[in-house]
Amino acid sequence: MTRHGFVVNVRPEKREEYLALHRAVWTRVEEAMSEQGIRNYTIFILDDTLFGYYEYAGDDYEADMAKIQLDATSQQWWELTGPCQTPFGTPAPGELWREMTPAWHLD
């Protein structure tokens, strides 16, 4: 199992829209992630910053993430959530959610 943390900002004018969408995440979106080994996924919000955390329980992270990217329902979901977000800090080209490097962990 590997742990993954990501950060992104939410556009202030889209904050409530983003939160409303996440109060009723589509079942297929959740299934697509679960089918590819995503566990314990949580998104936290502080002011206009989102922090996402999940655990990956699979054997080929890159391949499994590519499968999620191909899921048609997930793509429709991102068409709704994407415009609500803006990168945090200085992203790489094409980067929205920025992956964080683990600094410490306690089991």
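Please refer to the structure placed before this passage.
Now for a quick tour of the structure. (Residues numbered from 1 in each chain as written. Predicted model: local features only at pLDDT ≥ 70, side-chain atom pairs only at ≥ 80, totals over all residues. Heavy atoms only, no water.)

## Some thoughts on the nonpolar core
Stage number 1. Core analysis: the largest hydrophobic core is formed by 11 residues, namely Phe6, Leu21, Val29, Met33, Ile38, Tyr54, Tyr56, Tyr61, Met65, Ile68 and Trp77.
Stage number 2. Elements that contribute at least two residues to this core include exactly helix 2 (27-35), strand 3 (49-56) and helix 3 (61-70).
Stage number 3. The leading source of residues in this core is helix 3, at three residues.
Stage number 4. Discounting residues that sit within four places of it in the chain, Val29 has contacts with Thr73, Ser74 and Trp77. (Core = buried A, V, L, I, M, F, W, Y, C linked by side-chain atoms within 4.5 Å. Buried < 20%, exposed > 50% of the residue type's maximum accessible area, 1.4 Å probe, protein only. Helix = DSSP H or I, 4+ residues; strand = E, 2+ residues; numbered from the N terminus. Contact = heavy atoms within 4.5 Å.)

## Quick word on the environment of Trp78
Stage number 1. Tracing the backbone through its elements, the reader meets Trp78 in helix 4 (residues 72-81).
Stage number 2. Its relative accessible area of 31% is what places Trp78 among the partly exposed residues.
Stage number 3. Measuring from C-alpha to C-alpha, the distance between Trp78 and Val29 comes to 9.8 Å, with 49 residues separating the pair along the chain.
Stage number 4. Apart from the residues lying within four places of it in its own chain, the contact partners of Trp78 are Ile68, Gln69 and Pro83.

## Things to note about a negative patch on the surface
Stage number 1. On the surface, Asp59, Asp60, Glu62 and Glu99 cluster together to form a negatively charged patch.
Stage number 2. Overall, Glu99 belongs to the partly exposed group, its relative accessible area being 43%. (Patch = residues over 30% accessible without salt bridge, like charges linked within 9 Å, V, L, I, M, F, W, Y side chains within 5 Å. Areas by Shrake-Rupley, 256 points an atom, 1.4 Å probe, with all protein chains shown as cover. Salt bridge = Lys/Arg side-chain N within 4 Å of Asp/Glu carboxyl O. Lys, Arg positive; Asp, Glu negative; His and termini not counted. Charge placed at Lys NZ, Arg CZ, Asp CG, Glu CD.)

## Focus on the pairing of strand 1 (residues 2-10)
Stage number 1. By the criterion of burial, strand 1 is predominantly enclosed, with seven of the nine residues buried.
Stage number 2. Relative to strand 3, strand 1 runs antiparallel, the two sharing eight bridges. Its bridge partner being in strand 3, Val8 is matched across the sheet by Leu50.
Stage number 3. Looking at chain direction, strand 1 and strand 5 (residues 98-100) are connected through three bridges and run antiparallel. The residue of strand 5 that forms the bridge with Phe6 is Glu99. (Pairing = 2+ DSSP bridges.)

## Focus on the packing of helix 1 (residues 15-22) against helix 4
Stage number 1. Relative to each other, helix 1 and helix 4 sit at 155°, their axes nearing to 10 Å. Regarding the angle of helix 1 to helix 4, the classification is roughly antiparallel. Taking contact as the criterion, the partners of Glu17, Tyr18, Leu21 and His22 in helix 1 are, on helix 4, Trp77, Leu80 and Thr81.
Stage number 2. Looking at side-chain class alone, the contact of helix 1 with helix 4 contains four nonpolar, two polar and one charged residues. (Axes fitted to C-alpha atoms, helices over the stretch in contact; angles between N-to-C directions. Parallel < 35°, antiparallel > 145°, perpendicular 65-115°, else oblique. Nonpolar A, V, L, I, M, F, W, Y, C, P; charged D, E, K, R; others polar.)

## Notes on helix 3
Stage number 1. Among all positions of helix 3, only Tyr61, Asp64, Met65 and Ile68 are buried. All buried residues of helix 3 project into a common sector of 100° when viewed along the axis, lining one side. Along helix 3, the residues that are exposed and aim more than 90 degrees away from the buried face are Glu62 and Leu70.
Stage number 2. On the buried face of helix 3, the contacting elements are strand 1, helix 2, strand 2 (38-46), strand 3 and helix 4. (Arc of directions from axis to C-beta.)

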